[in-house]
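Working through the structure, step by step
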Amino acid sequence: MFGNDSRGIDRRSVLKSTAALLAGTAFASVSAQAYHYDAKIHYEPELDEENLMELSVHGYEVFDEGVRFDLGEYDGYISLFDDDLARVSILEEDDEVYESRGIANGRKEWDTPTFSVDETENTIAIDTETITVQVQKDLFGVKFLDEKGTVVNEDYLDEGTAGYEGDKPYAYKKTDANESFYGFGEQPELTLDQRGKKIENWNTDQYGYGDTNDYVYTSVPFFVGLTDAGAYGLFFDNPAHSVFHMADDPNASGESYDSRAEEDYYYFLADGGQLTYYFAYGPEISDVLERYTDLTGTIPLPPKWAIAYHQSKWEYSPAELAEVPQRYREEEIPLDAMHFDIGYMDDYRVFTIQEPHREALATLNEEVPELKTVVVNDPGVAVDVAADVDGDDEDEPYRPYLEGTVYGYWTRNASGDTFYGPVWPTQDVADDPTDAVWPDFSRAEVREWWAEQHDVFFDAGFDGIKNDMGEPAVFQKNDKYDWTMPADNIHGTGAETMLHEEYHNMYGFDYARASRKAYDLYKPDQRPFLLNRNLYAGGQRFAAIWTGDNVSEWMHLRMSIPMQLNLGLSGMAFCGHDVGGFANRPTPELFKRWMELGAFIPYFRNHTDTHRKSDQEVDVRNQHPWTFGEEAVEISRKYIELRYRLMPYLYNEFEESAETGKPIQQPLVYHFQNDPDTRDITDQFMFGDNMMIAPVVEQGATSREVYLPESETWVDFWTNDVYDGGQTITVDAPIDHLPIFVRKNSIVPMREVQQYTGEKPLTTLELRTYLDEEATYTFYEDDGETRAFEDGEYNVTHFSVSKNNGGVVTFERELEVQNYDDSELSSYLLTLDLSTAPRKVQAGPTKYEEVNADDVADVPESFAYDTETDAVLVHVPVDEDQDVKLFFNGGSNPGRGR
């Protein structure tokens, strides 16, 4: 791009000449006002139900991928991607099916399954091995049936057929009386089940949003329906402003209700674009998620430091940035990353760093060299010909603005000229603030150029990138949508030209793509950590996501759980929220409870608003554990340490999510969809496949009810007490206690505590085993930092612990893949929740030595019974090639139960 331009332009000359040219003219054409608005006006697309289509089938033809239907002026397509995945499209004649940027693997990447087509007088049926797609002729309607012939999903035809109302594509669907709906990405709801709700997709900067906001930062027009026939997924691949009416009451003046009538229906529409949606059949929710992420992509495997604990605040002083991590080390609270928010910039000029912040970064790199740093970035580029680029108090040509202007890289207004608008540069304290311009990320060359600008960050020593304001947020009112660009702004060139209204929900997605490319340019061997505030479906393959500017209130603590659970059920497994709340300030009790919860979410960051918004001048408004007293320090240390101890387990969950698309923070219904009591539980969740977390989310509570899903036996993580599933129990939960339960017949790998990931090599892997009959676990290991795993440099080990009728427990290990040569694992510490000491432990002819519980970790080929934890400990060398057997007196081991 600019630095290696084949057109032979000398960069320094261009910058100087452009600066001179623009100095007298650039600022005269832009306004100089910017302020936040409490109200954000949004147009909402609606259907005229008197003007819906009634399409019918005039004929059809079978082609390689499925069937085309002649619908008169329109064509209908059923395209088969796999036995359980189909695409439905209704298009004007000769139009091609649209695939958005959200699709990672489009139609050409799939092998069409074997299918047959059968016609009757009234229907045309397309059969695969798994599903039947039945099309009604007289009124074009699509029905999906499973292999038993049970209807899973079908069009609702009482209002007409699917099609277009004016320019708005839409479809109506029947819903069973007991059907539930999950997903829809990031929705500020207190419920998990979205039935009875109106769901909208229009990316919006919603500072301090609440559960009544229709939309926030991210748009994912995908959901999972759960019926008696099983689970299915529906992805409406349309980035325009879309609305889903999920059996809500159109006469309820915006209030939702839970309708269960026999003839219920739901419908969805968009304000433009095509009617194209994908249908994936389960029958398990996990099957649906795997298919959806086969289509849109999975999260990339992050570096371990990215899933550890992060600390952040808007408007940390340079001194605080250097001091806070060192205080964490003094308090012995693990910490891996410190975030630099927008105050590090020179008057909010992106890709500049003020000298005091550059010095703070250098101090951290010198005094806490193991700490990672994350720098925030914005897409709004100041209209400025010069800036203090190097932090040396001497202005130089401002490269981002000048280069982008030379090449015409900015988003244009309706007249085709550069669009100027107010955003953070307008907040400059100078007497003559200026406005900003926005890169047109829809263009590949602009994304490439934006990626190149990141040398400023990586040369300075930053490790991660946080992309803010990508909705895109613009501090102005407009005719149709406030707080963003005008809807008639222009993106793209030539045949790719489109209005902002069409592109709006994709802006942050392409912003993430551009920033992700920067790692390929400047850190090609390192795994990226990229954090976005807004995305579109499929954006999980470029960036993690956080849920924006939440509030330090109990309601937001409660709401964070279903918000993240539904994000996970939308393919965005690497998600989190501002722990402690961003706006306002938590009470000590709220902070403590929030830190307990935060230790068990995929992305764990303590982040807060500037203290300048406080009503009390003396309130510095930091949000650190020590801000809230010694008890908060102890609680934070306890649960952050537990997260670090669980890092082998958590990292394996991330690896599996990167492979299959499954959530990491999972709703109970994800595992137990046949248990009706799990359908809308919002205050419990699975942390990975084996651990269930039941946080306290009510002010003043010191106990809580916990539902234990049926068909499983559950073990209290702290006490090893055993409970049958299918019941609700009441557990004590004093301020320092978070109820945690583990499935019987599971293994949870753990390790020793570290103050940061990589402080100590993983030499002993603890295999905490909850045994009834047999427990298995597949353990993945790589270097946790580089991209070498992409070339196969990793190990996979399969563990099995089983008990026979005679009470003999057998530990087996199978080395499935062994390509990571730098592993420092030397032993396994098998920890069994058995309340009887073994008579002997033996591996082939080798008898293990019985030692004190405090010594077992240090003595290879040893075992002990720990009376304090009521557990059996066995130290197995990693090179043990024999099965290890534990022999107990008196047959089967007694357990604990309630």
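Above: the structure in question.
Because the structure is predicted, anything quoted here is derived from the model rather than measured.

A word on the overall build of the chain
- What the chain contains, in helices and strands, is 14 helices and 52 strands.
- A compact globule built from 898 residues would reach a C-alpha radius of gyration of about 29 Å, and the chain, at 29 Å, matches this within 12%.
- Considering only C-alpha atoms, the chain reaches an extent of 85 × 80 × 55 Å along its principal axes.
- Across the 898 residues of the chain, 63% fall into the buried class.
- Considering only intrachain contacts with a sequence separation of at least 6, the fraction spanning at least 24 residues in the chain is 70%.
- Carbon together with sulfur atoms contributes 40% to the accessible area of the chain, which is approximately 32,500 Å² in total.
- Charge-centre separation for the chain: the mean point of 71 positive side chains lies 3 Å from the mean point of 175 negative side chains.

Some remarks on the pairing of strand β46 (residues 827-832)
- For β46, a buried count of six out of six residues is recorded, marking the element as mostly surrounded by other parts of the structure.
- Residues Ser-827, Leu-829 and Thr-831 point to one face of β46 and Tyr-828, Leu-830 and Leu-832 to the other, with burial holding for every one of them.
- Sheet topology places strand β42 (residues 764-770) next to β46; six bridges connect them, and they run parallel. Looking at β46, one finds that Thr-764 is bridged to Ser-827.

What to know about the sheet that holds strand β14 (residues 222-227)
- Pairing is antiparallel across the open sheet formed by eight strands, whose spatial order is β1-β2-β3-β4-β18-β15-β14-β12. Edge positions in the sheet fall to β1 (59-63) and β12 (180-183), since each has one partner strand and no second. Sheet twist, expressed as the average angle between the axes of neighbouring strands with direction ignored, equals 20°.
- Inspection of the sheet shows strand β3 (residues 74-82) paired to strand β4 (residues 85-92) by eight bridges, in the antiparallel sense. Bridging across to β4, Asp-82 finds its partner in Leu-85.
- The strands that helix α2 (residues 285-296) touches are β3, β4, β14, β15 (230-236) and β18 (275-281); relative to β15, the one it contacts most, it runs at about 25°.

Comments concerning the sheet that holds strand β7 (residues 132-136)
- Strand order across the open sheet formed by five strands is β5-β6-β7-β8-β9, with antiparallel pairing between neighbours. Only two strands of the sheet have a single partner each, and these edge strands are β5 (116-119) and β9 (151-154). Between one strand axis and the next, the sheet turns by 20° as a mean value, whatever way the strands run.

Structural notes on helix α9 (residues 507-522)
- Relative to the 22 Å expected for 16 residues at 1.5 Å per residue, α9 spans 23 Å between its end C-alpha atoms, a close match to the ideal helical length.
- Taken together, the buried positions of α9 are occupied by Tyr-507, Gly-508, Phe-509, Asp-510, Tyr-511, Ala-512, Ala-514, Ser-515, Arg-516, Ala-518 and Tyr-519.

Quick notes on the packing of aromatic side chains
- In the structure shown here, the tally under the stated rule is 75 aromatic pairs.
- Between Trp-202 and Tyr-481 the ring centres are 3.8 Å apart and the planes differ by 20°, which places this aromatic pair in the stacked class. Taken together, the residues Trp-202 in the loop between β13 (198-201) and β14 and Tyr-481 in the loop between β26 (464-467) and β27 (490-491) connect sequence positions 279 residues apart. Neither Trp-202 nor Tyr-481 differs from the other in exposure class; each is buried.
- On the basis of an interplanar angle of 85° and a centroid distance of 5.5 Å, the ring pair of Phe-235 and Tyr-292 is categorised as edge-to-face. Residue Phe-235 is located in strand β15, and its partner Tyr-292 is located in helix α2; the two are separated by 57 residues in the primary sequence.
- On the basis of relative accessibility, which here comes to 3%, the residue Tyr-292 falls in the buried class.

Details of the environment of Lys-372
- Looking at the secondary structure, you find Lys-372 in strand β21 (residues 372-377).
- Setting aside residues up to four positions removed in sequence, Lys-372 forms contacts with Trp-305, Asp-336, Ala-337, Met-338, Asp-463 and Glu-785.

A closer look at the packing of helix α3 (residues 318-331) against helix α4 (residues 355-367)
- Look at α3 against α4: their axes get within 8 Å of each other, and the N-to-C directions meet at 15°. In terms of orientation, α3 lies roughly parallel with respect to α4. Considering the relative orientation of α3 and α4, their crossing is right-handed. Residues Pro-318, Leu-321, Ala-322, Pro-325 and Gln-326 of α3 pack against Pro-356, His-357, Ala-360, Thr-363, Leu-364 and Glu-367 of α4.
- Per-class residue counts for the contact of α3 with α4 are seven nonpolar, three polar and one charged.

Digging into helix α10 (residues 554-568)
- The end-to-end C-alpha distance of α10 is 22 Å, a good match for the 21 Å that 15 residues give at a rise of 1.5 Å each.
- Counting buried residues along α10, 14 of its 15 residues qualify, which places the element largely inside the surrounding structure.

With respect to the side chain of Thr-218
- If you trace the backbone, Thr-218 turns up in the loop between β13 and β14.
- Of the polar contacts made by the side chain of Thr-218, one reaches the backbone nitrogen of Leu-535; its length is 3.2 Å.
- In this view, Thr-218 contacts Glu-186, Asn-201, Asn-203, Arg-533, Asn-534, Leu-535, Ile-545 and Met-572; residues no more than four positions away in its chain are not counted.

Brief notes about the environment of Tyr-164
- In this fold, Tyr-164 is placed in strand β10 (residues 163-165).
- C-alpha separation for the pair Tyr-164 and Glu-656, spaced 492 residues apart in sequence, amounts to 40 Å.
- Residue contacts for Tyr-164: discarding those within four places in its chain leaves Asn-51, Met-53, Tyr-74, Ile-90, Leu-91, Pro-169, Tyr-170, Gly-273, Gln-274 and Leu-275.
- One polar contact links the side chain of Tyr-164 to the main-chain carbonyl oxygen of Ile-90, over a distance of 2.6 Å.
- A polar side-chain atom of Tyr-164 sits 3.0 Å from the main-chain amide nitrogen of Leu-275.

Some words on the packing of helix α11 (residues 588-598) against helix α12 (residues 630-645)
- At a closest axis distance of 9 Å, the pairing of α11 and α12 adopts a crossing angle of 5°. With respect to each other, α11 and α12 are oriented roughly parallel. Only Glu-631, Ala-632, Ile-635, Ser-636, Tyr-639, Ile-640 and Arg-643 of α12 make contact with α11, whose side of the interface consists of Phe-591, Lys-592, Met-595, Glu-596 and Gly-598.
- Each residue belonging to the contact of α11 with α12 can be placed in one class, and the counts come to six nonpolar, two polar and four charged.

As for the pattern of salt bridges
- Across all of its chains, the model carries 52 salt bridges by this definition.
- Ionic pairing is found between Asp-510 and Arg-513, a salt bridge with its closest N-O pair at 2.9 Å. One end of the pair is Asp-510 and the other is Arg-513, both in helix α9 and three residues apart, which spans about a single turn.
- With a relative accessible area of 0%, Asp-510 lands in the buried category.
- For Arg-513, a relative accessible area of 25% puts it in the partly exposed group.
- A single network of salt bridges, built from pairs that share partners, joins Asp-205, Asp-468, Glu-471, Arg-533 and Asp-549.

The rules behind each value
- Residues numbered from 1 in each chain as written.
- Predicted model: local features only at pLDDT ≥ 70, side-chain atom pairs only at ≥ 80, totals over all residues.
- Heavy atoms only, no water.
- Helix = DSSP H or I, 4+ residues; strand = E, 2+ residues; numbered from the N terminus.
- Rg over C-alpha atoms; globule rule 2.2 N^0.38 Å.
- Buried < 20%, exposed > 50% of the residue type's maximum accessible area, 1.4 Å probe, protein only.
- Contact = heavy atoms within 4.5 Å.
- Areas by Shrake-Rupley, 256 points an atom, 1.4 Å probe, with all protein chains shown as cover.
- Lys, Arg positive; Asp, Glu negative; His and termini not counted.
- Charge placed at Lys NZ, Arg CZ, Asp CG, Glu CD.
- Pairing = 2+ DSSP bridges.
- Axes fitted to C-alpha atoms, helices over the stretch in contact; angles between N-to-C directions.
- Expected span 1.5 Å × (residues − 1).
- Phe/Tyr/Trp six-rings, centres within 6.5 Å; stacked < 30°, edge-to-face > 60°.
- Parallel < 35°, antiparallel > 145°, perpendicular 65-115°, else oblique.
- Left-handed = near helix turned anticlockwise from the far one by under 90°.
- Nonpolar A, V, L, I, M, F, W, Y, C, P; charged D, E, K, R; others polar.
- Polar contact = N/O pair within 3.5 Å; in protein donor to acceptor, adjacent residues only side chain to side chain.
- Salt bridge = Lys/Arg side-chain N within 4 Å of Asp/Glu carboxyl O.

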